[in-house]
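Understanding the architecture of this molecule
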There are 2 protein chains.
Amino acid sequence: MAVKKHDVERNPAQFLQERGFRLTPQRLMILAAITESQKHISAEEIYARVSAQYPQVNISTVYRTLALLKEQGLVTETDLGEGRVRYHAADKGHHHHLVCQSCGAIFDLDEALLEPLERSLLDEYNFEADIRHLAIFGRCSRCRQRAAPAKGQEVIDAHP
Amino acid sequence: MAVKKHDVERNPAQFLQERGFRLTPQRLMILAAITESQKHISAEEIYARVSAQYPQVNISTVYRTLALLKEQGLVTETDLGEGRVRYHAADKGHHHHLVCQSCGAIFDLDEALLEPLERSLLDEYNFEADIRHLAIFGRCSRCRQRAAPAKGQEVIDAHP
DNA sequence: CGCCTTTTTGCAATAAGTTGCAATTACAAT
DNA sequence: ATTGTAATTGCAACTTATTGCAAAAAGGCG
C-alpha cells in the first residue's frame, strides 16, 4: 500500500504516544523537520526550521528530542567527520557511508556489506550490534591512485 | 630485539622530526603522557598530567597535538560514547570495542574480525578503510538475556 | 653562536552539545 | 471542563573541542 503524505508524519508520532511519550508541538515539529528533509540534517538546521514557525523553542529541546528519537530507533545519527552530527529518519532505509580522508568525498555503502560482521559478532560474542548508520573513514579509489602524503611527500615505505 | 624503556618515547618523536615537524617540549610531554598511560586516555587527562610539570601549557595545544599524532598514525582515537574521546598509542596494537548500550560494559574485540569487511571494501569499492580503533554499539550477551525495553516494557514486535 | 623563516603556541572567542532546575504543559482521571 | 501529576520545556551555566591571530620558539644556515 502506498503511504499517504501525512502518514510519514503521523506514524512516528503514534509510535511515541503508544510508548507513553507525550506529543508536544516541539516534538511534532522536530519530527516533521527530519522526515521532510530529503538529506541528512543537522541539529542546528532542525532548530532553524522549527524556530522559524515557533520561535520560542530552545536548542536544548532539539537535542533532547533527537536523543529520544534515536533511543526509540526512529532516527539514526551519523558523524561524517564534519564537526557536527547529522540525523536521518530511520524508516527511510539504513545505509552507511565511506568518507575519504584525503578529498572529503562521501560514498554510499550498501547495508548488506555489514551483515557478515554483524553475524560474526552475534555468533562469536553473542553481541547484538546496532549499526544503523555508520561512517567508515579511509581513502577513496581516486585518492589512492594519486600521490599520497602531505608533508614528507616522498614515500618512505619499503614495501611497494 | 627488546625495546628499551626510552625507545618508547623516542621513536614517535624521531618519526615526527623526520617528517619535518618540530619537537617542542609540549609535544614530547604529550607523547610521553600517552605512551606511559596503560589505558585509553582523554585529552583532559593528558592536559592534567602535562600541566602538572609544565603549567603554562594550553589545552588547545593538547588538542592540536592529538590531531597531529592521529593524522600521522601515531595515536588512535575512539569514541566510547562517554561524551569525550579517548586516545591510545597506535603501536600498542590495534583493537576494537563492543560497547553495550544497556549496561555500559565495554568488551575488547579482536582486530581480525574487521578484516573481512576491510577486504570487501577494498575489493568492491577500491576503498582503503582506516579502521584502527572502532567502537561498535549494541547489546551484550547478558543484557540480551534479561528483559528488554525501558518504557513500553511489553514487546510489541511481531516476529519472534 | 646568533640570525632568519616557518612552525608552533597561548590566548581568547566561538561552536557543538549537555545538564540541573524551576516553570510549564500533556493527558488521564475525575 | 477542571484538576492533578509526571513528563517536558526553557533557561542559563557548563563541558568538550575548534579556530584566528599575534607572540614565541625550533631548527637550518651562515
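Just above, that's the structure.
The following refers to the structure shown. (Residues numbered from 1 in each chain as written. Chains lettered and ligands numbered in written order. Predicted model: local features only at pLDDT ≥ 70, side-chain atom pairs only at ≥ 80, totals over all residues. Heavy atoms only, no water.)

**As for helix 5 (residues 115-125) of chain B**
This is how the line gets drawn: Working definition: with a 1.4 Å probe on protein chains only, accessible area under 20% of the residue-type maximum means buried, over 50% means exposed, and in between means partly exposed. A run of H or I in DSSP counts as a helix once it spans at least four residues, and a run of E counts as a strand once it spans at least two, with each numbered from the N terminus. Here, the arc refers to the directions that run from the helix axis to the C-beta atoms. The contact criterion used throughout is that any non-hydrogen atoms of two residues lie within 4.5 Å.
Buried within helix 5 of chain B we find Leu117(B), Ser120(B) and Leu121(B). On an axial view of helix 5 of chain B, the arc spanned by its buried residues comes to 105°, and they lie on one face. Looking at the buried residues of helix 5 of chain B, the elements they touch are strand 4 (96-100), strand 5 (106-109), helix 5 (115-125) and strand 7 (135-139) of chain A together with strand 6 (128-129) of chain B.

**Examining the protein's contact with DNA strand C**
Which entries qualify depends on this criterion: For this description, a residue counts as near a given molecule or strand if any of its non-hydrogen atoms is within 4 Å of it. What qualifies as a polar contact is a pair of N or O atoms within 3.5 Å, subject to a donor-acceptor requirement within protein and to the restriction that residues adjacent in sequence count only when both atoms come from side chains.
Not every one of the 21 residues close to DNA strand C is listed here, only the nearest: Leu23(A), Tyr63(A), Arg22(B), Arg27(B) and Thr61(B). In the interface set of DNA strand C, defined as its atoms within 4 Å of the protein, sugar plus phosphate atoms amount to 65%. In the model, a base nitrogen of DNA strand C is placed 2.9 Å from a nitrogen or oxygen of the Arg22(A) side chain. Interatomic distance of 2.6 Å between a side-chain N/O atom of Tyr63(A) and a phosphate oxygen of DNA strand C. For the surface near DNA strand C, the elements supplying multiple residues, two or more each, are helix 4 (59-71) of chain A together with helix 2 (25-36) and helix 4 (59-71) of chain B.

**Let's talk about the sheet that holds strand 6 (residues 128-129) of chain A**
Just so we agree on the cut-off: Here, strands pair whenever DSSP counts at least two bridges between them.
Read across the sheet, four strands follow the order 6(A)-7(B)-4(B)-5(B) without closing on themselves; strand pairing throughout is mixed. On the outer flanks of this sheet lie strand 6 of chain A together with strand 5 (106-109) of chain B, each paired with one strand and no other.

**Some details on the protein's contact with DNA strand D**
For the record, the criterion: Charged means Asp, Glu, Lys or Arg here, nonpolar means Ala, Val, Leu, Ile, Met, Phe, Trp, Tyr, Cys or Pro, and polar covers whatever is left, Gly included.
Taken together, 21 residues form the shell around DNA strand D, and within it Arg27(A), Thr61(A), Arg22(B), Leu23(B) and Tyr63(B) come nearest. Arg22(A) has a polar backbone atom sitting 2.9 Å from a phosphate oxygen of DNA strand D. Contacts to DNA strand D include Gln26(A), whose side-chain N or O atom sits 2.9 Å from a sugar or linking oxygen. Every element with two or more residues in the surface near DNA strand D is listed here: helix 2 (25-36) and helix 4 of chain A together with helix 4 of chain B. In terms of residue class, the surface near DNA strand D is made up of six nonpolar, nine polar and six charged.

**Overview of the interface of chain B and chain A**
What counts here: When two parts are put together, the accessible area they lose, computed with a 1.4 Å probe and summed over both, is reported as buried area. What counts as a salt bridge is simple: a side-chain nitrogen of Lys or Arg found within 4 Å of a carboxyl oxygen of Asp or Glu.
On the side of chain A, 32 residues touch chain B, which itself brings 34 residues to the contact. Summed over both partners, the interface of chain B with chain A comes to about 2900 Å²; 62% of that surface belongs to carbon and sulfur atoms. Broken down residue by residue, the surface that chain B buries against chain A is led by Leu113(B), Tyr125(B) and Phe127(B), which jointly contribute 21%. Remark: the boundary between chain B and chain A carries two salt bridges. Glu128(B) serves as the salt-bridge partner of Arg144(A), at 2.8 Å between the closest nitrogen and oxygen. Counting across the interface, chain B meets chain A through 10 residue pairs in polar contact (both at pLDDT 80 or more). At the level of secondary structure, the elements contributing two or more residues to the side of chain B that touches chain A comprise strand 4 (96-100), strand 5, helix 5, strand 6, strand 7 (135-139) and helix 6 (141-145) of chain B. Counting residues per element, the side of chain B that touches chain A draws most heavily on helix 5 of chain B, at six residues. Where strand 7 of chain A lies against strand 6 of chain B, two bridges are found, and the strand directions are antiparallel. Considered in strand 6 of chain B, the bridge of Gly138(A) is made with Ala129(B).

**As for the relation of the copies chain B and chain A**
Worth spelling out the cut-off: When the copies are overlaid, the least-squares fit takes in C-alpha atoms only where the residue has pLDDT of at least 70 in both copies.
The transform that puts chain B on chain A rotates by 180° and translates by 0.0 Å along the axis, for an RMSD of 0.0 Å. A rotation of that kind, with that shift, is consistent with a two-fold axis. Of the C-alpha atoms belonging to chain B, the one lying closest to the rotation axis is found on Leu117(B), 3.5 Å away. Comparing interface residues between copies, 94% of those in chain B also sit at the interface in chain A, which points to an isologous, same-surface contact.

**Digging into the packing of helix 2 of chain B against helix 3 (residues 43-53) of chain B**
Helix-helix packing is characterised by the crossing angle of the two axes and by the distance between the axes. Residues and elements named next belong to chain B. How we decide: Whenever a helix is involved, its axis is fitted only over the stretch in contact; in every case the axis is a line through C-alpha atoms, and angles between N-to-C directions fall within 0 to 180 degrees. Roughly parallel means an angle under 35 degrees; roughly antiparallel means over 145; roughly perpendicular covers 65 to 115; every other angle is labelled oblique. A clockwise turn of the near helix away from the far one marks a right-handed crossing, whereas an anticlockwise turn of less than a right angle marks a left-handed crossing.
Running from amino to carboxyl end, helix 2 crosses helix 3 at an angle of 125°, the nearest separation of the two axes being 9 Å. Judged by the inter-axis angle, helix 2 sits oblique to helix 3. Considering only the axes of helix 2 and helix 3, their crossing is right-handed. From helix 2, Met29, Ile30, Ala33, Ile34 and Glu36 reach across to helix 3, where they touch Ile46, Arg49, Val50 and Gln53. Residue classes in the contact of helix 2 with helix 3 are distributed as six nonpolar, one polar and two charged.

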